[in-house]
Amino acid sequence: MKKNRAVFSVVLAGILWGLIGIFIKKISTYGFDSIQIAFIRMFIAAVSFSLFIFIKDKALFKISIRDIWMFIGTGIISVSLFNICYFYTIINSEASLAVVLLYTSPVFVVLISAVLFKEKITLNKIIALILSFVGCVFTAGILGGIKVRPFIIVTGVASGLFYALYSIFGKFALKKYSTYTVTAYTFIFGLIGDIFITKPNETLSIIVNNPASVLWCLGIGIISTVLPYFFYTKGLENLESGKAAILVAVEPLVGSVIGMTFLNESHNALKITGVFLILISIVLLNIRFNEVKNNEK
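Our subject in this report is the structure included herewith. (Residues numbered from 1 in each chain as written. Predicted model: local features only at pLDDT ≥ 70, side-chain atom pairs only at ≥ 80, totals over all residues. Heavy atoms only, no water.)

**Examining the packing of aromatic side chains**
Applying the stated rule across the entire model yields 23 aromatic pairs. The aromatic ring of F54 is capped on one face by K58, whose charged end is 4.6 Å from the ring centroid. (Phe/Tyr/Trp six-rings, centres within 6.5 Å; stacked < 30°, edge-to-face > 60°. Lys NZ or Arg CZ within 6 Å of the ring centre and 35° of its normal.)

**Structural notes on a nonpolar patch on the surface**
A contiguous nonpolar surface patch, about 510 Å² in accessible area, is contributed by L81, I84, I192, I195, F196 and I197. Of all the secondary structure elements, the ones that give two or more residues to the nonpolar patch are α4 (68-92) and α9 (179-195). (Patch = residues over 30% accessible without salt bridge, like charges linked within 9 Å, V, L, I, M, F, W, Y side chains within 5 Å. Areas by Shrake-Rupley, 256 points an atom, 1.4 Å probe, with all protein chains shown as cover. Salt bridge = Lys/Arg side-chain N within 4 Å of Asp/Glu carboxyl O. Helix = DSSP H or I, 4+ residues; strand = E, 2+ residues; numbered from the N terminus.)

**Observations concerning the side chain of T225**
Tracing the sequence through the fold places T225 in helix α11 (residues 213-236). A distance of 2.9 Å separates a polar atom in the side chain of T225 from a polar atom in the side chain of R41. At 2.6 Å, the side chain of T225 and the backbone oxygen of I220 are in polar contact. Setting aside residues up to four positions removed in sequence, T225 forms contacts with R41, A45, F187 and I220. (Polar contact = N/O pair within 3.5 Å; in protein donor to acceptor, adjacent residues only side chain to side chain. Contact = heavy atoms within 4.5 Å.)

**Focus: the packing of helix α2 (residues 20-28) against α11**
With their axes 9 Å apart at the nearest point, α2 and α11 run at an angle of 160° to one another. In this view, α2 runs roughly antiparallel relative to α11, as classed from their interaxial angle. Here the hand of the crossing between α2 and α11 comes out left-handed. Between α2, through I20, I22, F23, I24, K26 and I27, and α11, the contact on the second element is made entirely by W216, C217, G219, I220, I223 and S224. In the contact of α2 with α11, the residues fall into nine nonpolar, two polar and one charged. (Axes fitted to C-alpha atoms, helices over the stretch in contact; angles between N-to-C directions. Parallel < 35°, antiparallel > 145°, perpendicular 65-115°, else oblique. Left-handed = near helix turned anticlockwise from the far one by under 90°. Nonpolar A, V, L, I, M, F, W, Y, C, P; charged D, E, K, R; others polar.)

**Brief notes about helix α6 (residues 105-116)**
Along its twelve residues, α6 runs 16 Å from first to last C-alpha, staying within 8% of the 16 Å computed at 1.5 Å per residue. Among the residues making up α6, those that are buried are S105, P106, V109, V110 and S113. End-on view of α6: buried residues confined to an arc of 130°, all on one side of the axis. Immediately beyond the C-terminal end of α6, within one or two residues, lies K118, with a positive phi of roughly 60°. (Expected span 1.5 Å × (residues − 1). Buried < 20%, exposed > 50% of the residue type's maximum accessible area, 1.4 Å probe, protein only. Arc of directions from axis to C-beta.)

**Quick word on the side chain of T74**
Position of T74 among the secondary structure elements: in helix α4. A polar contact of 3.4 Å, which involves the side chain of T74, links it to the backbone oxygen of F71. If near-sequence neighbours (up to four positions away) are discounted, T74 is found in contact with V79, Y166, F169, G170 and T186.

**Considering the pattern of salt bridges**
In this structure the tally under the stated criterion is one salt bridge. Close ionic contact of K176 with D67 constitutes a salt bridge, the shortest N to O distance being 2.8 Å. One end of the pair, K176, is in the loop between α8 (150-174) and α9; the other, D67, is in the loop between α3 (34-56) and α4, and 109 residues separate them in sequence. For D67, a relative accessible area of 5% gives the class buried.

**Overview of the nonpolar core**
Counting residues in hydrophobic clusters, the biggest one holds 53 residues, and the most contacted among them are F71, F187 and Y232. For this core, the element with the highest residue contribution is α8, accounting for ten residues. When neighbours within four sequence positions are excluded, F187 is seen to be in contact with M42, A45, A46, F49, T225, V226 and Y229. I20, F23, I27 and I220 belong to the second largest nonpolar core, which has eleven residues in total. (Core = buried A, V, L, I, M, F, W, Y, C linked by side-chain atoms within 4.5 Å.)

This is the structure in structure tokens:
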């Protein structure tokens, strides 16, 4: 039962992350650039979660100085550097290519988890990895051929690596701290990292001149940041990092569906096939969970 809830939490996180395109499209019309949007996400998330645990239980703020490296890992090394690389790739290439390169992350998670946590690289996991990545390629629609500079490939794959490291550092942190503590400090340290790559005063000026943007900023900060990071971190409590990384591949699936239905982006048989491949990879892992559960009875 715990693993079923963990699967649901991780998939729900992917769905909420997949909705981010709606918010980015709208927020960008007010004049925010990609880095400013990333800063807004981190700021709202850090404040929201800090207020939440302040009201819920102030003791959740307590962490050992010796464990700060974990939150530097989840917040700065993972979230902040992921944002830098991911947004750079989007700005200097195509969003579809950036998504595909981002979803090299499950490969990194599975390999690193096998070394650090002794998680088994099963046949199911390998097949699911292949299906989810091919599905991402299909849904992104990049098979037509795109000329890409080598440095873009580097930043794109780096975004996948830093994205993957959240699962790794998060797994270490969850051994000692609650989901609330890990998520809050991830945002706090992530915000510290983002302050050095954006212009807060300029961002505030745009918000003051466009009051209507506040609701959309809150949306991207809470619906597509606070909630999914909470659910994903919660899922890691009872789920292998490698499996969680593959399950969350529902994100590009949702993003693709949103693009085809609400944002009037192109859709074809290849994209729809990609959606089904990602779904199959998720079902494949769930079948494995059920087998394990039945064998334990």
